[in-house]
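Here is how the chains run, residue by residue.
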Amino acid sequence: MSTAYKPVGWNRNKLIYDAVLLAGVVVYILLYLKLAPLLSPSVRAVDTPILRMRAFGSLAFLLLTIVLAMGPLARLDPRFLPLLYNRRHFGVLTAAVAFTHAMFVLDWYFAFSATPKLTALFTSNTSFGSLAGFPFEVFGVFALVILIVLAATSHDFWLSFLSPAVWKAIHMSVYAAYAAVVLHVGLGAVIGGSSPMAAVFLGASLVALSVLHLLAGRREKVIDEAAPRIEAETGWVDVGDLHGIEEGRAIIGVLPQGERVAVFRFKGRLSALSNLCSHQNGPIGEGKIVLGFATCPWHGYQYRLEDGCAPPPFRERVRKYRMKVVGTRVLVDPVAVPLGTRIEPFTIAEAPSASPPPTSRPTRTSP
């Protein structure tokens, strides 16, 4: 969480995550090499090197599909959050598998070329005006370059160095990589006359990702378009019922300016924080309280409930809001206090049934 470069902090969850990923890669490649020839006569007719490159190519496409599915899956069902937590590890492995596929292609088709392999790749076929002979390899190279860039900049050092906005914009190019891979696989299947399973695989991926993103987008749109209920006297926003907040969890409300706020319940007290994590704008309110800190479900960034600051030595901060309870309704001041301002959590036992007394005077604290 610091701005300086630090090696990846391995822990038990990361080790298990990566071990499962690597085991899955090995199992997939072995099963493909053994089972694909048995299931398809057209596959059985190809040479072993071609079968090997297809195994790694199909695996890279599968991994990329899963990477893009993690976000909407986690928004639709929190049980998928463990997949999202170390998604960057998944992405780096995807780039490595895709690179291996590319190396097998170059070594097989251009091993005896009189010109350098990459030069031969781009000059051996320039039939851009013909669909039947279109050099579909350029789409694969384009996607591979993007995946390598994303893998190389996946560390938090680059997130801090480039700024979260720039880093996020760069990493959104993964969708361009996916589109390029779809063209690469689709044209390759048409030109090469490969098994119909390639078309089925490609179509299933497109449909699944489209449906997941539409469902997740619809869910977010419903939340954003919900008109905030505003208390007439104070202008504070009613974000929900007190009894709807589980211990250690939060409810999320939308403020008039469109920003979301998360109200956490912990040990009989309530605290209102911005729902946007300062790391990658992750949904803090969809996380939970861990060791007394509001913890973002995406990458585990934590913030104090009193002032929205990360625990030392980290310096990340999120906005903090005043809040109160009237009856059983939770109200939030739509204007955030200055970053780092300390406000004691609201004690539920003292929740009034009518107009509440003035809130306590906030004091500054260093992050």
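Scroll up for the structure.
Let me sum up the structure you'll find in this document. Being a predicted model, the structure only gives us computed values, none of them experimental. (Residues numbered from 1 in each chain as written. Predicted model: local features only at pLDDT ≥ 70, side-chain atom pairs only at ≥ 80, totals over all residues. Heavy atoms only, no water.)

Turning our attention to the overall build of the chain. Each helix and strand in the chain was counted, giving eleven helices and 14 strands. Burial status across the chain gives 43% buried among its 367 residues. Long-range pairs, those at least 24 residues apart, make up 58% of the contacts in the chain between residues at least 6 apart in sequence. A total of about 19300 Å² of accessible surface is found on the chain, and carbon and sulfur atoms cover 67% of it. (Helix = DSSP H or I, 4+ residues; strand = E, 2+ residues; numbered from the N terminus. Buried < 20%, exposed > 50% of the residue type's maximum accessible area, 1.4 Å probe, protein only. Contact = heavy atoms within 4.5 Å. Areas by Shrake-Rupley, 256 points an atom, 1.4 Å probe, with all protein chains shown as cover.)

Here we take up the pairing of strand 5 (residues 269-274). The element strand 5 is largely enclosed, with a buried count of five among its six residues. Of the strand pairs in this sheet, strand 4 (residues 260-266) and strand 5 are connected by six bridges, and their pairing is antiparallel. Paired with Ala262 across the bridge in strand 5 is Leu273. Linking strand 4 back to strand 5 in an antiparallel pair, the connection comprises two residues, with Lys267 at a positive phi of about 50°. The pairing of strand 5 with strand 13 (residues 346-347) spans two bridges and is antiparallel. Looking across to strand 13, one finds that Arg269 is bridged to Thr347. Inspection of the sheet shows strand 5 paired to strand 9 (residues 320-321) by two bridges, in the antiparallel sense. Paired with Leu273 across the strands is Lys320, a residue of strand 9. (Pairing = 2+ DSSP bridges.)

The peptide bond linking Pro312 to Pro313 adopts the cis configuration, its omega dihedral lying at 10°. By secondary structure assignment, the location of Pro313 is in the loop between strand 8 (302-304) and strand 9. With a phi angle near 50°, Lys267 is a residue other than glycine that sits in the positive phi range. In this structure, Lys267 sits in the loop between strand 4 and strand 5. In this structure, Leu291 takes a positive phi of about 55° despite not being glycine.

Spatially, three strands are ordered 6-7-8 in an open sheet, and the strand pairing comes out antiparallel. Of all strands in the sheet, those bounded by a partner on one side alone are strand 6 (288-290) and strand 8. Averaged over all pairs of adjacent strands, the angle between their axes in this sheet comes to 40°, without regard to strand direction. Here strand 6 pairs with strand 7 (residues 293-295) via three bridges, running antiparallel. Bridge pairing links Lys288 to Thr295 in strand 7. (Axes fitted to C-alpha atoms, helices over the stretch in contact; angles between N-to-C directions.)

The description of two helices packed together rests on the angle between their axes and the distance between the axes. Direction vectors running N to C along helix 1 (residues 12-39) and helix 5 (residues 87-109) enclose 30°, while the axes themselves pass 10 Å from each other. Relative to helix 5, helix 1 is oriented roughly parallel. Helix 1 and helix 5 meet at a crossing whose hand is right-handed. When helix 1 is examined against helix 5, the residues Lys14, Tyr17, Asp18, Leu21, Leu22 and Val25 are found in contact with a partner set consisting of Arg87, His89, Phe90, Leu93 and Val97. A per-class count over the contact of helix 1 with helix 5 returns seven nonpolar, one polar and three charged. (Parallel < 35°, antiparallel > 145°, perpendicular 65-115°, else oblique. Left-handed = near helix turned anticlockwise from the far one by under 90°. Nonpolar A, V, L, I, M, F, W, Y, C, P; charged D, E, K, R; others polar.)

The next point concerns helix 7 (residues 137-152). Spanning 16 residues, helix 7 covers 22 Å between terminal C-alpha atoms, matching the ideal 22 Å at 1.5 Å per step. Listed as buried for helix 7 are Gly140, Ala143, Leu144, Ile146, Leu147 and Leu150. Taken down its axis, helix 7 places every buried residue within 165° of arc, on the same side. (Expected span 1.5 Å × (residues − 1). Arc of directions from axis to C-beta.)

The next thing to look at is the pattern of salt bridges. Throughout the structure, instances matching the rule amount to eleven salt bridges. With its nearest N and O atoms 2.9 Å apart, the salt bridge here joins Glu286 to Arg75. Of the two residues, Glu286 is situated in the loop between strand 5 and strand 6 and Arg75 in helix 3 (residues 48-76); the sequence distance between them amounts to 211 residues. There is no split in this pair, since Glu286 and Arg75 are both buried. Residues Asp107 and Lys117 are paired through a salt bridge, measuring 2.6 Å at the closest nitrogen-oxygen approach. Here Asp107 is found in helix 5, whereas its partner Lys117 is found in helix 6 (residues 117-123), with ten residues between them in sequence. For Asp107, a relative accessible area of 41% translates into the label partly exposed. (Salt bridge = Lys/Arg side-chain N within 4 Å of Asp/Glu carboxyl O.)

Let us now look at the packing of helix 1 against helix 3. Helix 3 packs onto helix 1 with a crossing angle of 135° between their chain directions and a minimal axis gap of 10 Å. When the interaxial angle is binned, helix 1 and helix 3 end up oblique. Both helix 1 and helix 3 take part in a crossing whose hand is right-handed. Contacts between helix 1 and helix 3 involve Tyr17, Val25, Tyr28, Ile29, Tyr32, Leu33, Ala36 and Pro37 on the former and, on the latter, Leu51, Arg52, Arg54, Ala55, Phe56, Ser58, Leu59, Leu62 and Met70. For the contact of helix 1 with helix 3, the residue count by class is 14 nonpolar, one polar and two charged.

Next up on the list: a nonpolar patch on the surface. A surface patch of nonpolar side chains, about 520 Å² in accessible area, is lined by Val27, Leu31, Leu35, Leu38 and Leu39. By the secondary structure assignment, Leu39 is in helix 1. (Patch = residues over 30% accessible without salt bridge, like charges linked within 9 Å, V, L, I, M, F, W, Y side chains within 5 Å.)

If you look at the biggest cluster of nonpolar residues, it comprises 55 residues, and the most contacted ones within it are Phe90, Val97, Tyr178, Phe264, Ile284 and Ala294. If you list the elements that add at least two residues to this core, you get helix 1, helix 3, helix 4 (81-85), helix 5, helix 7, helix 10 (174-192), helix 11 (196-225) and strand 4. Counting residues per element, this core draws most heavily on helix 3, which supplies 13 residues. Beyond its immediate stretch of four places on either side in the chain, Phe90 contacts Tyr17, Leu21, Leu63, Ile66, Val67 and Met70. In this structure, Leu242, Ile245, Val263 and Met323 belong to the second largest nonpolar core, which totals 17 residues. (Core = buried A, V, L, I, M, F, W, Y, C linked by side-chain atoms within 4.5 Å.)

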